[in-house]
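Commentary on secondary and tertiary structure
Residues per chain, in single letters:
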Amino acid sequence: MSSPSQRGVGESTAVLENARLVTPDDVVSGSVRIEGDRIVDVGDVERSADTVVDVGGRLVLPGLVDLHGDDIESHLHPRSGARVGTHMALAAADRANVAAGITTKFHAISFELDPDENRSPELGAEITDAVDRADDLVIDHRIHARCEVTQSRCIEAVEDVVAAGDAALVSVMSHIPGKGQFRDQDAFIEYYRDSQKHTIEEAEAIIDERGGLELETVRERVTRVVEAAAERGVPTASHDDEDVGEVERLREIGVDVSEYPITLETAERAHELGMTVTMGAPNLVRGESQWGNLRTADAIDAGVVDALVADYHPPSLLAATFVDTGEPLPTRVRRVTANPADAAGLDDRGRIEPGARADLVVVDRDPTPTVARALVGGRPAYRAEVGDVDVEGSR
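So, here is what we can say about the structure in this document.

Now for the sheet that holds strand β9 (residues 169–173). Sheet architecture is open: eight strands sit in the order β6-β7-β8-β9-β10-β11-β12-β13, paired in parallel fashion. The sheet terminates laterally at β6 (64–69) and β13 (307–309), the two strands that pair on one side only. Averaged over all adjacent pairs, the angle separating strand axes in this sheet is 25°, with direction ignored. As paired strands, β6 and strand β7 (residues 102–111) are joined by four bridges and run parallel to one another. Residue pairing across strands places glycine 69 opposite histidine 107, the latter belonging to β7.

Residues of strand β10 (residues 236–239) alternate between two faces, with Thr236 and Ser238 on one and Ala237 and His239 on the opposite face, all of them buried. Pairing analysis gives three bridges linking β9 to β10, with the strands arranged parallel. When the bridges of β10 are listed, serine 171 appears paired with alanine 237. Once the chain exits β10 it traverses helix α8 (residues 244–252) before rejoining the sheet at strand β11 (residues 257–259), and the crossover so formed is right-handed.

It is the contact of α8 with helix α9 (residues 264–272), at a shortest axis distance of 9 Å, that shows an interaxial angle of 25°. Taken together, the axes of α8 and α9 are roughly parallel relative to one another. For the element pair α8 and α9, the recorded crossing hand is right-handed. Between α8, through Val244, Val247 and Glu248, and α9, the contact on the second element is made entirely by Glu265, Thr266, Arg269 and Ala270. Each residue belonging to the contact of α8 with α9 can be placed in one class, and the counts come to three nonpolar, one polar and three charged.

This part takes up helix α3 (residues 121–133). With 13 residues, α3 extends 18 Å between its outermost C-alpha atoms, agreeing within 8% with the 18 Å of an ideal straight helix rising 1.5 Å per residue. The secondary structure elements touched by the buried residues of α3 are α1 (72–76), α2 (86–99), β7, β8 (140–148) and α4 (152–163).

A few words on the environment of alanine 319. Locating alanine 319 in the fold gives a position in helix α12 (residues 315–321). Spatially, the C-alpha atoms of alanine 319 and valine 285 are 6.9 Å apart, while their sequence positions differ by 34 residues.

To continue, consider the pairing of β9. Most of β9 sits inside the fold, with five of its five residues counted as buried. The side-chain alternation of β9 yields two buried faces, one formed by Leu169, Ser171 and Met173 and the other by Val170 and Val172. In this sheet, β9 lies alongside β8 in parallel orientation, the contact comprising five bridges. Paired with cysteine 147 across the two strands is valine 172, which belongs to β9.

On to the nonpolar core, then. Leu61, Phe111, Val149, Val170, Leu308 and Leu317 are the most contacted members of the largest nonpolar core, which totals 70 residues. With six residues, α4 is the single largest residue contributor to this core. Residues Leu16, Ile34, Ile39 and Leu375 belong to the second largest nonpolar core, which totals 17 residues.

As a further point, take the pattern of salt bridges. In this structure the tally under the stated criterion is 26 salt bridges. A salt bridge links glutamate 35 to arginine 33; the shortest N-O distance between them is 3.4 Å. On the accessibility criterion, glutamate 35 (34% relative accessible area) is partly exposed. Accessibility expressed as a relative area gives 7% for arginine 33, which makes it buried. With its nearest N and O atoms 2.7 Å apart, the salt bridge here joins aspartate 71 to lysine 105. Of this pair, aspartate 71 sits in the loop between β6 and α1 while lysine 105 sits in strand β7, placing them 34 residues apart in sequence. Here aspartate 71 and lysine 105 have matching classes, each one buried. Taken together, the salt bridges that share partners define one network made up of Asp37, Arg38, Asp140, Arg142, Asp348 and Arg349.

When we look at burial in α9, the residues that qualify are Thr266, Ala267 and Ala270. Seen end-on, α9 carries its buried residues on one side only, within an arc spanning 100°. Looking at α9, the residues exposed on the side facing more than 90 degrees away from the buried face are Glu265 and Glu272. Residues of α9 that are buried in the fold lie against α8, β11 and β12 (276–280). Directly beyond the C-terminal end of α9, a positive phi value near 90° is found at glycine 274.

The rules we used
- Residues numbered from 1 in each chain as written.
- Predicted model: local features only at pLDDT ≥ 70, side-chain atom pairs only at ≥ 80, totals over all residues.
- Heavy atoms only, no water.
- Pairing = 2+ DSSP bridges.
- Helix = DSSP H or I, 4+ residues; strand = E, 2+ residues; numbered from the N terminus.
- Axes fitted to C-alpha atoms, helices over the stretch in contact; angles between N-to-C directions.
- Buried < 20%, exposed > 50% of the residue type's maximum accessible area, 1.4 Å probe, protein only.
- Right-handed = clockwise from strand over helix to strand, strands pointing away.
- Parallel < 35°, antiparallel > 145°, perpendicular 65-115°, else oblique.
- Left-handed = near helix turned anticlockwise from the far one by under 90°.
- Contact = heavy atoms within 4.5 Å.
- Nonpolar A, V, L, I, M, F, W, Y, C, P; charged D, E, K, R; others polar.
- Expected span 1.5 Å × (residues − 1).
- Core = buried A, V, L, I, M, F, W, Y, C linked by side-chain atoms within 4.5 Å.
- Salt bridge = Lys/Arg side-chain N within 4 Å of Asp/Glu carboxyl O.
- Arc of directions from axis to C-beta.

What follows is the structure, given as structure tokens:
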């Protein structure tokens, strides 16, 4: 993984003042003091510092934590058939995410053999290696390895990534007819046969390969991946959960997170079992699921959503925070900061409080939520303000 704080942070000091600080439980007016890469004081703080910034009464949030973002794919392949260099794509994703307020990014890399969708276990390994080697990125990049368990070659690739210590989160998915987003078997067949990215012969091969697996075989493969992750202390997630009994079995074998549950009943049961239930931020912003599944708003109304993820659109993560759900702002902010951080075992971030990592974003709320400034590990990482100046310059 690539993290600015791992590259050495100097003990410079900074103060953001005249702010509306979104703490875990409240919105308070005041300042936040930073020393090195940590928050050391909140509220009425010592003002003397290397850098003092008046944020003009704007909201200051903890840096957003995205557990599932596959936007790297659009940077790698900006147009069908057009591929750019891996590091170039990673650098572009890095800048796009910090501009969206995301300071900890879990790239949801599909270890899935589907060349016409620009996915393969080899490409997954290539992206993982690029993240591991990069030393010029702004935010903290981590790997969320998504394992297509219907393909044994992909299971082996994910096991290799986990064994090497390169995966920070692992999820299991099985895109087979009659399950998940393809719970309608006819819809699964129609999707692949009508896909402009596959020939009829290729579509038929996908249908035969995935449709021919027995449920028990799928379950055995899921257990194999979950156990491999558990041995390395890596949290695990399930994808597109649709059956209460299946969720209970997944929890029993140690799955920690339920991503995009298909039905409210399934989301409720996952929540009852102590799983972190994550839903898509674009779903909330758009007001509906792309696949006609459970609406994020309905799951929030039921009180079963713990975290939101950017999915394919990083700006939606910040925008979702300001969708009126009838809840206090700190509750909505926790879904994109502290809660996902906790689910990933990162107890050092996602909160504006002393001792926390100084990942902070200054937000302009109107006319649409945007980031004016971002700090990552105490360092200035992004600035889009026009006309505002530091009260005291930085050394």
